[in-house]
Amino acid sequence: LLVVGDYLARRERYRAYAFYLTGGGLALLYLSIYAAFNFYQLISQSAAFGFMILVTAGGVALALRWKSERLAGLALAGGFLTPLLLSTGTNQYAALFTYLLILDLGFLAVNVGRRFTRLSLLALVGTGFVFSTWYFRFYQLSFLGPTMLFLTLAFLIFLIAPTMRSLISRQANVGSSES
């Protein structure tokens, strides 16, 4: 589906259909990796996690290539579902917080580079949902320091995104008015 979708995306007539095929291909890859780990125990959790990160990165690369905000949103949603799909029920907050911060930084780079503004809401909701899932299941007072550090860094990322986008827009406007 990814190959056919990529091929059809080159033709303007089939471009919208191509994105549905590509999105379906990404969803099937996520589902296949999840099943290989959770149902059939064919791969380890770390291998499944690595494969899902590759699928997310591939989805973002395709979204950037074809300038598709919807495809980027699907890849980002898959990225946020990854820790939930691969959870073993143990509290691995340091790995989870690090992963979420890396995912949010990736969102920041994509959002600034392509101006996919609707991804901001998806990334904020995704971060909040995954964090809340961890919080209601595992939080204890002894995790206050790392939790506050994570929340501060996450909110700084979401504060930086519109500021960077605004600065880049101003520089582009200044550069075009000087010409």
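Look above for the structure.
Basis of the calculations
- Residues numbered from 1 in each chain as written.
- Predicted model: local features only at pLDDT ≥ 70, side-chain atom pairs only at ≥ 80, totals over all residues.
- Heavy atoms only, no water.
- Phe/Tyr/Trp six-rings, centres within 6.5 Å; stacked < 30°, edge-to-face > 60°.
- Helix = DSSP H or I, 4+ residues; strand = E, 2+ residues; numbered from the N terminus.
- Buried < 20%, exposed > 50% of the residue type's maximum accessible area, 1.4 Å probe, protein only.
- Axes fitted to C-alpha atoms, helices over the stretch in contact; angles between N-to-C directions.
- Parallel < 35°, antiparallel > 145°, perpendicular 65-115°, else oblique.
- Contact = heavy atoms within 4.5 Å.
- Left-handed = near helix turned anticlockwise from the far one by under 90°.
- Salt bridge = Lys/Arg side-chain N within 4 Å of Asp/Glu carboxyl O.
- Patch = residues over 30% accessible without salt bridge, like charges linked within 9 Å, V, L, I, M, F, W, Y side chains within 5 Å.
- Areas by Shrake-Rupley, 256 points an atom, 1.4 Å probe, with all protein chains shown as cover.

J.: Just checking my understanding: could you explain the packing of aromatic side chains for this structure?
T.: To describe a pair of aromatic rings, you give the distance between the ring centres and the angle between the ring planes. Here the structure, examined in full by the defined rule, presents 16 aromatic pairs. Ring geometry for phenylalanine 97 against phenylalanine 131: centres 6.1 Å apart, planes inclined by 35°, an arrangement best described as tilted. With a gap of 34 residues between them, phenylalanine 97 in helix α5 (residues 93-114) and phenylalanine 131 in helix α6 (residues 119-138) connect regions that are remote in the sequence. Exposure class is identical for phenylalanine 97 and phenylalanine 131. Each is buried. An aromatic cluster of three or more residues is present, and its members are Tyr93, Phe97, Phe131, Trp134, Tyr135, Phe136, Tyr139, Phe143 and Phe150.

J.: Would you explain the packing of α5 against α6 in this entry?
T.: For the pair α5 and α6, interaxial distance at closest approach is 10 Å and the crossing angle is 175°. The pairing of α5 with α6 is recorded here as roughly antiparallel in orientation. Residue-level contacts link Tyr93, Leu96, Phe97, Leu100, Asp104, Phe107, Val110 and Asn111 of α5 to Leu119, Ser120, Ala123, Thr127, Val130, Phe131 and Trp134 of α6.

J.: Could you clarify how one ought to interpret unusual backbone geometry in this entry?
T.: Keep in mind that most residues, glycine aside, have a negative phi and that most peptide bonds are trans. For glutamine 41, which is not glycine, the phi torsion reads 50° and is therefore positive. Relative to the assigned elements, glutamine 41 resides in the loop between α2 (15-38) and α3 (45-66). According to the relative accessible area criterion, glutamine 41 is exposed, its value standing at 58%. Positive phi outside glycine occurs at lysine 67, with the angle close to 55°. By the element assignment, lysine 67 lies in the loop between α3 and α4 (69-85).

J.: Before we go on, may I ask you to explain the packing of helix α1 (residues 2-9) against α2 in this structure?
T.: As a packed pair, α1 and α2 sit with axes 8 Å apart at the nearest point and diverge in direction by 160°. Considering their axes alone, α1 and α2 lie roughly antiparallel with respect to each other. Crossing handedness for the pair α1 and α2: left-handed. Residues Leu2, Val4, Gly5, Asp6, Leu8 and Ala9 of α1 lie in contact with α2, whose contacting residues are Arg15, Tyr17, Ala18, Leu21, Thr22, Gly25, Leu26 and Leu29.

J.: Help me understand the pattern of salt bridges in this model?
T.: A side chain of one charge can pair with a side chain of the opposite charge when the charged atoms of the two come close. Counting across every chain of the model gives 4 salt bridges. Glutamate 69 is paired through a salt bridge with arginine 118; the nearest N and O atoms lie 3.0 Å apart. Of this pair, glutamate 69 sits in helix α4 while arginine 118 sits in the loop between α5 and α6, and the two are 49 residues apart along the sequence. Among the residues examined, glutamate 69 registers a relative accessible area of 16% and is labelled buried. Residues joined in a network through salt bridges with shared partners are Asp6, Arg10 and Arg65.

J.: Even after reading the chapter, I still don't get a nonpolar patch on the surface, so can you show me in this structure?
T.: The grouping of Leu149, Leu153, Leu156, Leu159, Ile160, Met164 and Ile168 at the surface amounts to a nonpolar patch, some 600 Å² of accessible area in total. The exposure class assigned to methionine 164 is partly exposed, which follows from its relative accessible area of 34%.

J.: Can you walk me through the environment of tyrosine 93 in this structure?
T.: Relative to the helices and strands, tyrosine 93 resides in helix α5. Using a relative accessible area of 25% as the deciding quantity, one classes tyrosine 93 as partly exposed. Here the alpha-carbon distance between tyrosine 93 and threonine 147, two residues 54 residues apart in the chain, equals 8.6 Å. Once residues within four sequence positions are removed from consideration, tyrosine 93 is found in contact with Trp134, Phe143 and Pro146.

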